[in-house]
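A look at the structure
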Amino acid sequence: MTAPVAEERHTISVLVDNEPGVLARVIGLFSGRGYNIESLTVAEVDRGSSLSRITVVTTGTPMVIVQIKAQLSRLVPVRQVNDLTEENPHHIETELALVKIVASGEQRVEALRIADIFNARVDDTTLQSFVFRVAGTSETVDRFIDLMRALGETDIARTGVVAIARGADRT
Amino acid sequence: MSKDGLTGSEIVLRALVDQGVDTIFGYPGGAVLPIYDALFQQNSIKHVLVRQEGGAVHAAEGYARSTGKVGVVLVTSGPGATNAVTGLTDALMDSVPVVCLTGQVPTHLIGNDAFQEADTTGITRPCTKHNYLVKKMEDLPGVMHEAFHVARSGRPGPVVVDLPKDILQGIGAYQGPEKFSQTKYQPQIKGDLSQIEKAVDAIAKAKRPIFYCGGGVVNAGPRASQLLTEFVRLTGYPCTLTLMGLGAYPASDRQFLGMLGMHGTYEANLAMYNCDVMINIGARFDDRVTGKLDEFSPNSTKIHVDIDPSSINKNVSVDIPIIGDAGHVLEDMIKIWKARQCRPDKDALKDWWSTIEDWRGKNCLAYEPGAKVIKPQQALERLGAAIKGREDVFITTEVGQHQMWAAQFLPFDKPNHWMTSGGLGTMGYGLPAAMGVQVAHPDALVIDVAGEASILMNIQEMSTLAQYRLPVKVFILNNEYMGMVRQWQELLHGGRYSESYMESLPDFVKLAESFHAVGLRATKPDELDDVIGEMLEVDRPVIADIMVDKAENCFPMIPSGAAHNEMLLGPDDQVEKPISEEGMVLV
């Protein structure tokens with residue numbers, strides 16, 4: 001047996017026609033062929049030409065990553081597939097999270113201090129709770145959430161990753 | 001036609017006519033009644049009424065594969081659409097261009113669990129190349145034309161157009177295909193020239209080359225098969241074909257090594273294992289072909305020509321990938337070969353051929369002809385002899401042992417004359433497919449080589465044959481077993497024949513007669529030629545029930561999980577090479 005090939009994490013940006021079922025097609029492709037989805041975001045980005053961008057973060061061996069791109073490209077409503085991890089290693093990736101923490105006393109003060117360090121904004125406050133809005137890489141958001149969890153009961157909503165290439169080149 | 005425009009149904013039919021459709025296979029129902037009403041009032045399109053929607057899709061596949069045109073299906077909503085799913089999946093796996101029109105409940109009822117409602121686009125999304133739900137009248141003409149474009153372009157496949165009843169009854173304007181010629185779906189047809197040059201270099205320098213070609217050559221049209229034949233002869237190299245590729249290169253040619261893969265010939269599989277340059281044109285390294293991937297052709301430079309980029313590096317890493325249509329790429333390869341005045345390495349080639357001839361000398365398809373009991377191979381050899389030299393013979397098959405024997409023993413010299421369910425392995429494919437072929441070629445001889453188990457899966461289509469006077473010949477190799485299942489149980493499960501026997505079989509002769517067909521039977525070898533002769537003579541549908549050896553297994557065989565050089569040549573080999581546990585879990 002040959003040694004198992006290491007899995008890589010890739011962020012893939014997919015420009016699609018915004019037509020009914022297109023998201024189901026992409027998700028169905030991943031589940032049907034057993035590919036991983038770490039995160040997936042989608043929204044319309046060009047109303048005039050009715051285009052949406054799907055940003056999907058996936059893991060797989062290099063052979064699987066190539067397959068994922070080829071399989072995506074052959075879907076009829078898919079206009080363009082860009083592997084940002086490969087084409088633009090220093091591309092920008094960000095994620096937004098809304099983090100609710102229920103805490104009191106010293107924990108409440110500590111939560112505010114940490115939020116300040118992470119540049120998180122307070123979107124809602126009661127005497128028992130805060131809702132913070134934090135943005136950054138997935139790792140930053142992970143670290144912020146871990147710290148909040150240590151301070152009290154939490155509720156989390158995350159958007160998943162959106163990404164774009166650096167520089168003047170457009171995808 | 002109304003004053004203000006056309007009904008949706010009329011638009012659908014106009015689009016079909018403008019797409020060159022003259023025949024559709026279908027079954028009516030509530031949601032498609034408007035189309036059936038419009039069909040009744042026109043003469044351009046012939047409708048063939050099948051007996052179950054599954055039959056309609058296979059018939060369209062047979063029609064498409066024997067003509068190179070798009071096959072068209074018309075079924076109703078709900079069960080009509082769900083019955084079509086197996087055929088659609090079959091067409092997807094074997095890259096057959098099919099457009100399937102499904103009825104749907106009116107748009108305002110979609111999602112309400114209405115009578116005969118099913119989420120057709122949801123159900124068929126993973127089993128079609130693409131699908132559409134038409135929700136706006138103005139989208140209808142464009143969707144119809146795009147559906148045909150998608151079905152036939154690039155790697156062909158099935159496309160579903162789901163048509164709500166209110167759209168079919170609404171009034172709209174028709175637009176012809178010329179308005180939609182520039183669609184966004186434009187797959188790459190021409191191969192990258194620098195890659196093709198690299199490939200020709202490797203081909204010219206090869207010492208132990210082999211052409212390994214598949215259904216992609218057939219799908220690229222008859223010209224691609226001619227070009228393949230020209231190039232193979234120009235080089236003098238050996239050529240093997242996949243199950244789907246049979247006919248792309250003449251089987252009667254000395255350079256042809258037979259089919260490769262699990263039940264392929266010894267010489268083809270060993271040549272694949274030992275080659276130094278593999279020229280794959282339009283085949284997809286299917287698991288039935290490669291066997292154990294780790295040991296697949298370990299020392300070769302692999303060239304892979306495929307129109308579908310996702311076929312490249314999927315199962316096997318290749319050295320020179322070329323994305324493009326088999327015909328175009330072959331044309332470029334021949335041009336470059338000639339321009340560079342390439343000459344194969346004669347001495348190396350001579351050695352290679354002499355090795356191959358040694359393998360061929362094993363005569364791996366040999367069997368013991370029976371004196372009292374008909375061997376299935378013998379039945380097919382006699383059938384092959386009876387049709388030899390005839391240009392107008394089309395063969396379809398069901399799935400199982402008989403299918404492999406048909407592939408091994410019948411001669412295929414031309415493309416588009418062999419239809420079989422390769423990828424999906426759909427029992428019940430052969431009879432409706434033969435029906436579709438016969439509709440497309442009314443005067444041809446169309447034979448469905450069948451097993452007694454498979455044929456029962458779509459036996460209702462015998463009734464369609466009678467209605468349209470389609471003289472299809474059903475040649476049943478009857479061993480009273482699901483033969484391939486029984487063979488695997490013998491090899492892998494200690495001979496415990498769990499549910500693989502066929503009890504209470506119908507009397508196929510009487511069954512034929514009850515369907516207004518001719519029923520024939522052969523039980524002894526000396527009856528074979530007479531039955532075959534009579535079957536070919538009769539100008540009506542025939543079921544020939546050939547009672548064959550119940551215990552015969554299909555050899556040669558690469559057991560699952562084994563490599564090409566670990567073939568079993570016959571029953572005696574079985575004992576020596578037990579099947580690994582790793583292989584047992586594979587299908």
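Residues numbered from 1 in each chain as written. Chains lettered and ligands numbered in written order. Predicted model: local features only at pLDDT ≥ 70, side-chain atom pairs only at ≥ 80, totals over all residues. Heavy atoms only, no water.

1. Focus: the overall build of chain A
To keep things clear, this is the line we draw: Numbering of helices and strands starts at the N terminus; helices are DSSP runs of H or I of at least 4 residues and strands are runs of E of at least 2. A 1.4 Å probe rolled over the protein chains alone gives each residue an accessible area, and that area as a share of the maximum for its type sets the label: buried under 20%, exposed over 50%, partly exposed in between. In this description, contact between two residues means that some pair of their heavy atoms is separated by no more than 4.5 Å. Residue-level accessible areas treat just the shown protein chains as cover; the underlying method is Shrake-Rupley with a 1.4 Å probe. The charge count includes Lys and Arg as positive and Asp and Glu as negative, but it does not include His or the ends of the chains. By convention, the point assigned to a charge is CZ for Arg, NZ for Lys, CD for Glu and CG for Asp.
Each helix and strand counted, chain A has 5 helices and 9 strands in total. Along chain A, from the amino end to the carboxyl end, the secondary structure elements read β-α-β-β-α-β-α-β-α-β-β-α-β-β. Overall size of chain A, expressed as C-alpha extent along the three principal axes, is 55 × 50 × 35 Å. Taken across its 171 residues, chain A has 42% of its residues classed as buried. Within chain A, contacts between residues at least 6 apart in sequence are counted, and of these 70% link residues at least 24 apart. Accessible surface, chain A as shown: approximately 9,400 Å² in total, 53% of it carbon and sulfur. Of the charged side chains in chain A, 18 are positive and 23 negative; the average position of the first set lies 4 Å away from that of the second.

2. As for the overall build of chain B
The condition that has to hold: To get the radius of gyration, use the C-alpha atoms; to get the globule rule, take the number of residues to the power 0.38 and multiply by 2.2 Å.
In terms of regular secondary structure, chain B is built from 25 helices and 20 strands. Its C-alpha atoms give chain B a radius of gyration of 24 Å, near enough to 25 Å, the size a compact globule of 587 residues would have. Projected onto its principal axes, the C-alpha coordinates of chain B cover approximately 75 × 60 × 45 Å. Burial statistics for chain B: of 587 residues in total, 62% are counted as buried. Taking as baseline every contact in chain B between residues at least 6 positions apart, the subset at least 24 positions apart corresponds to 75%. Total accessible area computed for chain B in this model is approximately 22,700 Å², and 50% of it derives from carbon and sulfur atoms. Charged side chains in chain B number 52 positive and 72 negative. The centres of these two groups are separated by 5 Å.

3. Details of the interface of chain A and chain B
Selection rule: Accessible area that two parts lose when put together, with a 1.4 Å probe and added across both, is what the buried area reports. The working definition used for a salt bridge is a side-chain nitrogen of Lys or Arg within 4 Å of a carboxyl oxygen of Asp or Glu. Nitrogen and oxygen atoms within 3.5 Å of one another constitute a polar contact, given that in protein one can donate a hydrogen and the other can accept it, and given that sequence-neighbouring residues count only through two side-chain atoms.
Contacts between the two partners involve 14 residues from chain A and, on the opposite side, 19 residues from chain B. For the pair chain A and chain B, the summed buried surface comes to about 1,300 Å²; carbon and sulfur atoms form 56% of the total. Ranking the residues of chain A by area buried against chain B places Arg 25, Met 63 and Val 76 of chain A at the top, with a combined share of 45%. At the boundary of chain A and chain B, one finds 2 salt bridges. With a closest N to O distance of 2.5 Å, Arg 74 of chain A and Asp 308 of chain B form a salt bridge. On the surface where chain A and chain B come into contact, there are 5 residue pairs in polar contact (both at pLDDT 80 or more). Among the secondary structure elements, those contributing two or more residues to the side of chain A that touches chain B are α1 (22–32) and α2 (62–73) of chain A. Tallying contributions element by element places α2 of chain A first for the side of chain A that touches chain B, with 4 residues.

4. Some thoughts on the nonpolar core
Residue and element names in this part refer to chain B. Using the following cut-off: For this analysis, a nonpolar core means a set of buried residues of the types Ala, Val, Leu, Ile, Met, Phe, Trp, Tyr and Cys, connected via side-chain atoms within 4.5 Å.
Ranked by size, the top nonpolar core spans 111 residues in total, and within it Met 333, Ile 447, Phe 475 and Ile 546 carry the most contacts. The leading source of residues in this core is helix α14 (residues 326–339), at 7 residues. Counting residues in hydrophobic clusters, the runner-up holds 45 residues, among them Val 50, Val 160, Ile 459 and Ile 543.

5. Details of the packing of helix α12 (residues 266–274) of chain B against helix α15 (residues 346–360) of chain B
Residues and elements named next belong to chain B. Spelled out, the test is: Axis lines are fitted to C-alpha atoms, over the contacting stretch for helices. Their N-to-C directions set the angle, which ranges from 0 to 180 degrees. Relative orientations are named as follows: roughly parallel for angles under 35 degrees, roughly antiparallel for angles over 145 degrees, roughly perpendicular for angles from 65 to 115 degrees, and oblique for any other angle. In a left-handed crossing the near helix is turned counterclockwise from the far helix by less than a right angle, and in a right-handed crossing that turn is clockwise. Three categories are distinguished: nonpolar for Ala, Val, Leu, Ile, Met, Phe, Trp, Tyr, Cys and Pro, charged for Asp, Glu, Lys and Arg, and polar for the others, with Gly belonging to the last.
The interhelical angle for the contact between α12 and α15, taken along N-to-C directions, is 140°, at an axis separation of 8 Å. Between α12 and α15, the interaxial angle falls into the category oblique. Of the two possible hands of crossing, α12 and α15 adopt the one that is right-handed. From α12, Tyr 266, Glu 267, Leu 270, Ala 271 and Asn 274 reach across to α15, where they touch Trp 352, Ile 356, Trp 359 and Arg 360. Grouping the constituent residues of the contact of α12 with α15 by class yields 6 nonpolar, 1 polar and 2 charged.

6. Details of unusual backbone geometry
Residues and elements named next belong to chain B. The residue after Phe 555, namely Pro 556, is reached through a cis peptide bond having omega -5°. In this structure, Pro 556 sits in the loop between β20 (542–547) and α24 (571–576). Of note in the backbone geometry, Ser 95 takes a positive phi value of approximately 55° without being a glycine. Judged by its relative accessible area of 8%, Ser 95 is buried. One non-glycine residue, Ser 504, adopts positive backbone phi at about 55°.

7. Observations regarding the environment of Gly 62 of chain B
With respect to the secondary-structure elements, Gly 62 of chain B resides in helix α3 (residues 53–67). Look past the residues within four positions of Gly 62 of chain B in its chain and what remains in contact with it is Met 419, Ala 433, Gly 436 and Val 437 of chain B.

8. Some thoughts on the sheet that holds strand β18 (residues 473–478) of chain B
Residue and element names in this part refer to chain B. Filter applied, for reference: Between any two strands, pairing holds if DSSP finds at least two bridges.
With respect to topology, 6 strands assemble into an open sheet ordered β16-β15-β17-β18-β20-β19, the strand pairing being parallel. If you trace the sheet from one side to the other, it starts and ends with β16 (418–419) and β19 (518–522), each paired once. Judged from the 5 bridges that link them, β19 and β20 form a sheet pairing that is parallel. The residue of β20 that forms the bridge with Ala 522 is Ile 546. Relative to the sheet, helix α23 (residues 528–537) contacts β17 (445–451), β18, β19 and β20, its axis offset from that of β19 by approximately 165°.

9. Regarding the side chain of Thr 23 of chain B
Residue and element names in this part refer to chain B. As for its placement among the helices and strands, Thr 23 is situated in strand β2 (residues 23–26). For Thr 23, a relative accessible area of 8% gives the class buried. Reaching out from Thr 23, the side chain makes a polar contact with the side chain of Asp 22 at a distance of 3.0 Å. In this structure Thr 23 touches Lys 46, Val 48, Tyr 63, Val 72 and Val 439, once residues within four positions along its chain are discounted.

10. Here's the deal with the environment of Arg 51 of chain B
Residues and elements named next belong to chain B. Checked against the element boundaries, Arg 51 lands in the loop between β3 (46–49) and α3. When its relative accessible area of 25% is taken as the criterion, Arg 51 is described as partly exposed. When the C-alpha positions of Arg 51 and Gly 258 are compared, they lie 37 Å apart, and in sequence the two are 207 residues distant. Ignoring any residue separated from it by four or fewer positions in sequence, one finds Arg 51 in contact with Tyr 27, Gln 460, Glu 461, Ser 463, Thr 464 and Gln 467. Polar contacts involving the side chain of Arg 51 include one to the main-chain carbonyl oxygen of Leu 49, which spans 2.8 Å.

11. Some remarks on the sheet that holds β3 of chain B
Strands pair in a sheet through their backbones, by hydrogen bonds, and they do so in one of two ways: parallel or antiparallel. All names here are of chain B. Sheet architecture is open: 6 strands sit in the order β3-β2-β4-β5-β7-β6, paired in parallel fashion. The strands lining the two open edges of the sheet, one partner per strand, are β3 and β6 (130–133). Neighbouring strand axes in the sheet, compared pairwise and without regard to direction, differ in orientation by 20° on average. Sheet analysis places β2 next to β3, joined by 4 bridges and oriented parallel.

12. What about the packing of aromatic side chains?
Note the threshold: Whether two aromatic rings pair depends on their centres lying within 6.5 Å, for rings of Phe, Tyr and Trp, where Trp uses its six-membered ring; planes under 30 degrees apart make the pair stacked, over 60 edge-to-face, and the rest tilted. Charge over a ring is defined by NZ of Lys or CZ of Arg lying within 6 Å of the ring centre and within 35 degrees of the ring normal.
Using the criterion set out here, one finds 15 aromatic pairs over all chains in the structure. Residues Phe 285 of chain B and Phe 296 of chain B carry aromatic rings whose centres are separated by 5.7 Å and whose planes lie at 85° to one another, so their mutual orientation is edge-to-face. Here the residue Phe 285 of chain B occupies a position in the loop between β12 (277–281) and α13 (287–290), and Phe 296 of chain B occupies one in the loop between α13 and β13 (301–306), the gap between them amounting to 11 residues. Residue Phe 296 of chain B is classed as buried on the basis of its relative accessible area of 5%. These aromatic residues form a ring-pair network of at least three members: Phe 118, Phe 130, Phe 132 and Phe 144 of chain A. Directly above the aromatic system of Tyr 481 of chain B lies the positively charged group of Arg 486 of chain B, at a separation of 5.4 Å from the ring centroid.

13. A word on α23 of chain B
All names here are of chain B. Inclusion rule: Taken from the helix axis, the directions to the C-beta atoms give the arc we talk about.
Three or more residues of α23 are buried, namely Leu 528, Val 531, Ile 532, Met 535 and Leu 536. Looking straight down α23, one finds its buried side chains confined to an arc of 130°; they lie on one side. Away from its buried face, by an angle of more than 90 degrees, α23 presents the exposed residues Asp 530 and Glu 537.

14. A closer look at a negative patch on the surface
Quick reminder of the rule: Patch members must show over 30% relative accessible area and no salt bridge, and they are joined within 9 Å when carrying like charges or within 5 Å when they are nonpolar side chains of Val, Leu, Ile, Met, Phe, Trp or Tyr.
On the surface, a cluster of negative charge is made up of Asp 526, Asp 530, Glu 534 and Glu 537 of chain B. For Asp 530 of chain B, a relative accessible area of 57% translates into the label exposed.

15. Quick notes on the packing of helix α16 (residues 376–387) of chain B against α23 of chain B
Residues and elements named next belong to chain B. Packing of α16 against α23 leaves a shortest axis separation of 10 Å and a crossing angle of 45°. With respect to α23, the element α16 is oriented oblique. The handedness of the crossing between α16 and α23 comes out as right-handed. Here Gln 378, Ala 379, Arg 382, Leu 383, Ala 386 and Ile 387 of α16 lie close against α23, whose contacting residues are Leu 528, Asp 529, Ile 532, Met 535 and Leu 536.

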